[in-house]
Amino acid sequence: RRGILGVFELGRAPAPAVRHGDAGISFTHGFKQSQGLRLRWQDIQQQLQGLRQQNEELVRYYTVLLEKVPVALLVLDGESVELVNSAAQQLFKRSYLLTGKDLASYGNDFAQDIQGLTAGKQCRSQLLIEQVNMAVTLSASSIQLNGRSKKIVSVQPIQHELDSQEITAWENL
């Protein structure tokens, strides 16, 4: 038996489509007695489309913002390590995901420092890139996404600042 919507069985709603963000559902018949229901459904569709557009704009905004950050950002999710922005890809000289074991190729101390760093903490470490040690500052925070805890680590090279301080100290002597 068909319900008042004329498209779905009695007691069944367009929940799967709405659940998956499909706001383009339309009803072709069954609304002669339910003009108010049809108008309300159209209003809901417009609201869903507006929210989707706002979300897409926010994603674009944060993507551009993230790419402009000059600090390398990593996201650790279990054994997976994601190079989040172009600064991270340039620093680590790769553009794809790593594993926790791959971090050891950048120095055992560096890998241990990243794995052991807890949210809200900061530490100095040595990053080994192309057989050259580079002083870096690591800073961590955490976030819950889809029920999983992820650690966000910023890696900021400070070797240039240390070299400048050393030169200044020598000049002062």
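Colleague: Can you help me understand the overall build of the chain in this one?
Modeller: The secondary structure content of the chain amounts to five helices and six strands. For the chain, the N- to C-terminal ordering of α and β elements is α-α-β-β-α-β-α-β-β-β-α. A burial count over the chain gives 28% of its 173 residues as buried. Looking at the chain alone, contacts between residues at least 24 apart form 29% of all its contacts between residues at least 6 apart. By element, 53% of the accessible surface of the chain is carried by carbon and sulfur atoms, the whole surface being about 12100 Å².

Colleague: What should I look at first to understand the environment of L83 in this one?
Modeller: Within the secondary structure, L83 sits in strand 2 (residues 80-83). Take L83: its relative accessible area is 5%, and that puts it in the buried class. Linking L83 and L98, residues 15 residues apart in sequence, is a C-alpha distance of 7.7 Å. Not counting residues up to four positions away in its chain, the partners in contact with L83 are L73, L74, A88, Q89, F92, R94, Y96, L97 and L98.

Colleague: I'm lost on the sheet that holds strand 3 (residues 98-99) in this one. Help?
Modeller: Strand pairing in a sheet takes place through backbone hydrogen bonds and is either antiparallel or parallel in direction. Read across the open sheet, the six strands follow the order 3-2-1-6-5-4; overall the sheet is antiparallel. Each edge of the sheet is formed by a strand with only one pairing partner; in this case those strands are strand 3 and strand 4 (122-129). Running at roughly 145° to strand 4, helix 4 (residues 108-116) makes contact with strand 1 (72-77), strand 4, strand 5 (132-145) and strand 6 (148-157) of the sheet.

Colleague: Looking at this structure, I do not really get a nonpolar patch on the surface. What am I missing?
Modeller: Taken together, the side chains of L58, Y61, Y62 and L65 define a hydrophobic patch exposed on the protein surface, amounting to about 420 Å² of accessible area. Inspection of the secondary structure puts L65 in helix 2 (residues 35-68).

Colleague: How should I be thinking about the packing of aromatic side chains in this particular structure?
Modeller: For any two aromatic rings, the description comes down to two numbers: the centre-to-centre distance and the angle of the planes. Across all of its chains, the model carries three aromatic pairs by this definition. Geometrically, the ring pair formed by F92 and Y106 is edge-to-face, given 4.9 Å between the ring centres and 90° between the ring planes. Taken together, the positions of F92 in helix 3 (residues 86-92) and Y106 in the loop between strand 3 and helix 4 put the pair 14 residues apart, joining distant regions of the chain. Judged by centre distance (6.0 Å) and plane angle (45°), the rings of F92 and F110 are tilted. Of this pair, F92 sits in helix 3 while F110 sits in helix 4, and the two are 18 residues apart along the sequence. Here F92 falls in the buried class, since its relative accessible area comes to 2%. Site record: aromatic cluster; members linked through ring pairs are F92, Y106 and F110.

Colleague: Explain the pairing of strand 2 here, please?
Modeller: In the case of a regular strand, side chains alternate between the two sheet surfaces. Along strand 2, the buried face is formed by V81 and L83; none of S80 and E82, which line the opposite face, is buried. Here strand 1 runs beside strand 2; their pairing, made up of four bridges, is antiparallel. The residue bridging L74 from the neighbouring strand is L83, located in strand 2. Taking the residues between adjacent antiparallel strands as the criterion, strand 1 and strand 2 are bridged by two residues, where G78 takes a positive phi near 70°. In this sheet, strand 3 lies alongside strand 2 in antiparallel orientation, the contact comprising two bridges.

Colleague: Would you take a moment to explain the confidence of the model for the chain for this structure?
Modeller: Caution applies to low-pLDDT parts of the model: their predicted coordinates are not meant to be read in detail. With 73% of its residues at a pLDDT of 70 or more, the chain has an overall mean of 81. Overall, residues 1-12 carries pLDDT values under 50, and its contacts beyond four positions in sequence, including any with other chains, amount to 23 contacts.

What counts as what
- Residues numbered from 1 in each chain as written.
- Predicted model: local features only at pLDDT ≥ 70, side-chain atom pairs only at ≥ 80, totals over all residues.
- Heavy atoms only, no water.
- Helix = DSSP H or I, 4+ residues; strand = E, 2+ residues; numbered from the N terminus.
- Buried < 20%, exposed > 50% of the residue type's maximum accessible area, 1.4 Å probe, protein only.
- Contact = heavy atoms within 4.5 Å.
- Areas by Shrake-Rupley, 256 points an atom, 1.4 Å probe, with all protein chains shown as cover.
- Pairing = 2+ DSSP bridges.
- Axes fitted to C-alpha atoms, helices over the stretch in contact; angles between N-to-C directions.
- Patch = residues over 30% accessible without salt bridge, like charges linked within 9 Å, V, L, I, M, F, W, Y side chains within 5 Å.
- Salt bridge = Lys/Arg side-chain N within 4 Å of Asp/Glu carboxyl O.
- Phe/Tyr/Trp six-rings, centres within 6.5 Å; stacked < 30°, edge-to-face > 60°.
- pLDDT = per-residue confidence, 0-100.

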